[in-house]
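# Structural overview for review
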Amino acid sequence: MKNILLNAEQKKAVNHINGPLLVLAGAGSGKTRVVTMKIAKLIEIGIHPNKILALTFTNKAANEMSIRIKQLTSKNVIASTFHSLGAKILRESINHLNYSNNFTIYDEEDSLKLLKECLNHLKLKEDKAFLKTIKYKIASLKNDLKDLDDLNCSSNLNTNEIKVFRLYQNKLKTCNALDFEDLLYLSVKLLKQNSKILELYQNRWSFILIDEYQDTNFAQYTIAKMLSLKSQNICVVGDPDQSIYSWRGARYQNILNFDQDYTNATIIKLDKNYRSTPTILEAANNLIKNNSPRFEKNLKSTIKDGEKIKIFKADTEKMEAAFVVSKILHYKSKDIKSLKDIAIFYRTNFQSRIFEDLLLENQIPYIIYGGLSFYQRKEIKDILAFLKLIISNEDFLAFSRTINIPKKGFGKTTISKLFLISEKYQIPIIKLLKQFSSYPDIRLNSQQKIALKNYLKSIFELRKMYSQKIKLDKLISQILIKMKYLQYLKEDPLSYEDRKENINELITKAKENNQSLEQFLEDITLANDKTQNTNENSVKLMTLHNSKGLEFESVFIVGLEEDLFPHINSKQSIEEIEEERRLFYVGITRAKKNLYITHCLTRYIFGGIRPSIPSRFLKELNETYLDQQKDYNIKSTSTFMSTKTTSHISFSNKYSIGQIVFHKTFGKGSIKKIYQTSLGETLDILFEDSIKSLVTKYAKLKIIS
DNA sequence: AATTCTGCGTTTTTT
DNA sequence: ACGCAGAATT
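Here's what I pulled together on the structure shown here. (Residues numbered from 1 in each chain as written. Chains lettered and ligands numbered in written order. Predicted model: local features only at pLDDT ≥ 70, side-chain atom pairs only at ≥ 80, totals over all residues. Heavy atoms only, no water.)

Bringing the pattern of salt bridges into the picture now. Per the counting criterion, the structure on display carries 41 salt bridges. Lysine 171 is paired through a salt bridge with glutamate 423; the nearest N and O atoms lie 2.8 Å apart. Here glutamate 423 lies in helix H19 (residues 412–425) and lysine 171 lies in helix H8 (residues 159–174), a separation of 252 residues in the sequence. Each member of the pair, lysine 171 together with glutamate 423, is buried. With a shortest N-O distance of 3.1 Å, glutamate 461 and lysine 482 are connected by a salt bridge. Here lysine 482 lies in helix H22 (residues 472–482) and glutamate 461 lies in helix H21 (residues 446–467), a separation of 21 residues in the sequence. Classification of glutamate 461 by relative accessible area gives partly exposed; the value is 29%. (Salt bridge = Lys/Arg side-chain N within 4 Å of Asp/Glu carboxyl O. Helix = DSSP H or I, 4+ residues; strand = E, 2+ residues; numbered from the N terminus. Buried < 20%, exposed > 50% of the residue type's maximum accessible area, 1.4 Å probe, protein only.)

To continue, consider the protein's contact with DNA strand B. Around DNA strand B, 30 residues are found, and the nearest of them are Arg347, Asn349, Thr414, Asn546 and Phe606. The sugar and phosphate moieties of DNA strand B supply 56% of its atoms located within 4 Å of the protein. Asparagine 546 places a side-chain nitrogen or oxygen 2.7 Å from a phosphate oxygen of DNA strand B. Elements with a minimum of two residues in the surface near DNA strand B: H19 and helix H26 (544–547). When residues in the surface near DNA strand B are grouped by element, the largest group, 3 residues, is from H19. Here the surface near DNA strand B is composed, by residue class, of 6 nonpolar, 17 polar and 7 charged. (Near = heavy atom within 4 Å. Polar contact = N/O pair within 3.5 Å; in protein donor to acceptor, adjacent residues only side chain to side chain. Nonpolar A, V, L, I, M, F, W, Y, C, P; charged D, E, K, R; others polar.)

Moving on, we come to the nonpolar core. Leu387 and Phe399 are the most contacted members of the largest nonpolar core, which has 116 residues in total. If we ignore the near neighbours within four places in the chain, the residues touching leucine 387 are Leu472, Leu475, Ile476, Ile479, Leu517, Phe520 and Leu521. Residues Ile280, Leu287, Ile288 and Phe617 belong to the second largest nonpolar core, which totals 40 residues. (Core = buried A, V, L, I, M, F, W, Y, C linked by side-chain atoms within 4.5 Å. Contact = heavy atoms within 4.5 Å.)

Before going further, it helps to examine the sheet that holds strand S7 (residues 234–238). Across the sheet, which stays open at both edges, the 6 strands sit in the order S3-S2-S6-S7-S1-S8 with parallel pairing between neighbours. If you trace the sheet from one side to the other, it starts and ends with strand S3 (78–81) and strand S8 (266–270), each paired once. Between one strand and the next, the sheet's axes are offset by a mean angle of 15°, whatever the strand orientation. Here strand S1 (residues 21–25) runs beside S8; their pairing, made up of 5 bridges, is parallel. Across the sheet, the residue bridging to alanine 25 is leucine 270, located in S8. (Pairing = 2+ DSSP bridges. Axes fitted to C-alpha atoms, helices over the stretch in contact; angles between N-to-C directions.)

Dropping the structure here:
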């Protein structure tokens, strides 16, 4: 054990074996290190790896932890999110709750669609605001473990909302599906209801470690509590000042009350920061003091002081991006920093676009973390829906998504009616349709009848192939053929190339997959792999929320404007403002050496230019740590501003063979062939490892030489 | 009843 | 600028 690399407090935490332990760890104090080293220690003293359960908040964190533990001990330890843990427990044991073990998991979009179906069913207006509220309320009730049966007295739901909740829960069951919250809610229900099962899991994991404990909600807190009740070996690590998920039910009180929840708890504070310069850290400490009451920390840097924090006031969001990109170009051109050490953080996803444009113009590789995930794309979800139908008779949403692909006269009304009939007879939707002629209330026109028969025929052919153990990637290719999916995509030529490319990527991922189809689908729903390409040496773009747990040499936090950050929807209460402030605190403390903070005087938003007021948080940063940037290298900006205009200039002779072009995902490539297709001018381009055919009017290309 | 058209409102953060 | 829900059209 390389305890030598740990300080006294860290060692204490690592060497604490039995009994509840709370590690209050400030930003950059090496908390994840402590968790991984502690696990290594447990294995070293002879605890079987299977007995250890490490819980994290994101899949990325879970994966990283597994990898680090593997490196340290060459053993596999289960590191997962609470949601994956829930899925695992329920997959094994949900039959005790009268559910089927082969349930599917509905993501946010699916769950909203089902909720819409409920409103329809109850003849309630499909009002967007209402939909959002009810979704939020249902999620909150589940996260707070409120029982559906005593809703009337305890909840703030009106009678209509209660009806919707009931119906929604019923429909989920009809579809043999669970939503995200169910994974936690039903896990608790199961563990509470069945002491044998509880004991089974208590015995399975006798050491539980939880990272980012300040972000646990009541359901997660309860799962942890129940599972560790017997062994009492629970170690939680976190920082109340980094609690940024209260809108998802997180309660930072969980970490503050730990010593009351677990008697004999040992508390260890880590207050040495190994990440940031004193300037950055002091500024962050100062800022967070505006929140009260807090658990006072005295986080001290261990590094020699560094540059001041650079503040830049831009006229427009374009200038803001230009400033950031000019700084990055500066670092790049002088080889001062590698691109992978640079990150840009923003409050909302839509802010990323302008940075993307400018980075692309300047041939700076970048990766966006988060945003619309690959698996949330329409075409991917379509294919996944077909896959779901291969293994499910019940999944109504999968049916509803696919029945009209390609268009065959099935509209919303007909589809909803079919669902109601299937509910009425309590027969799974696919089974019902297979013999629709024996149900007089299924009224279809002759075109629909033929189309439905063909659709089902294809589904059953696919099922047959599946039962004959066809490879997953081949199965997807078969879906494309049988369902005429690519032809369907061509109906929208503007998006065709992109979507086809995404499907190819899905096929590639399927090829690498060695697990069951069920597991593949579950992983995709829960794991939400959002990384787009693998170029390590690229600038990272992400929301502040996504930045938690990461660190970078140089960080740009952009858009420090009232109503954007703090966000306009988070200004109702002091609590919300304080959470926004914690979010800023998280962002600041990600920076190791250089921190830039920018804001604009005007911003183009909702299709119009609006004046922006500097964020209140800027005033909360102590002047002594700041350096106002007056100007920046305009020269480089104007260059790329002009290239932007030239890129709009005409097409005919724009490209020639042998030219080098740059593409966001594929990188640099040379043009091998130019020809016309039905979609217009098309180029075959040789990229690093492959030749791609790209249609010039759709693919974003930049000519390099 | 489905598809096509059009004008309106919309954008917080994520498992 | 975009998507989506109602209106107009088939």
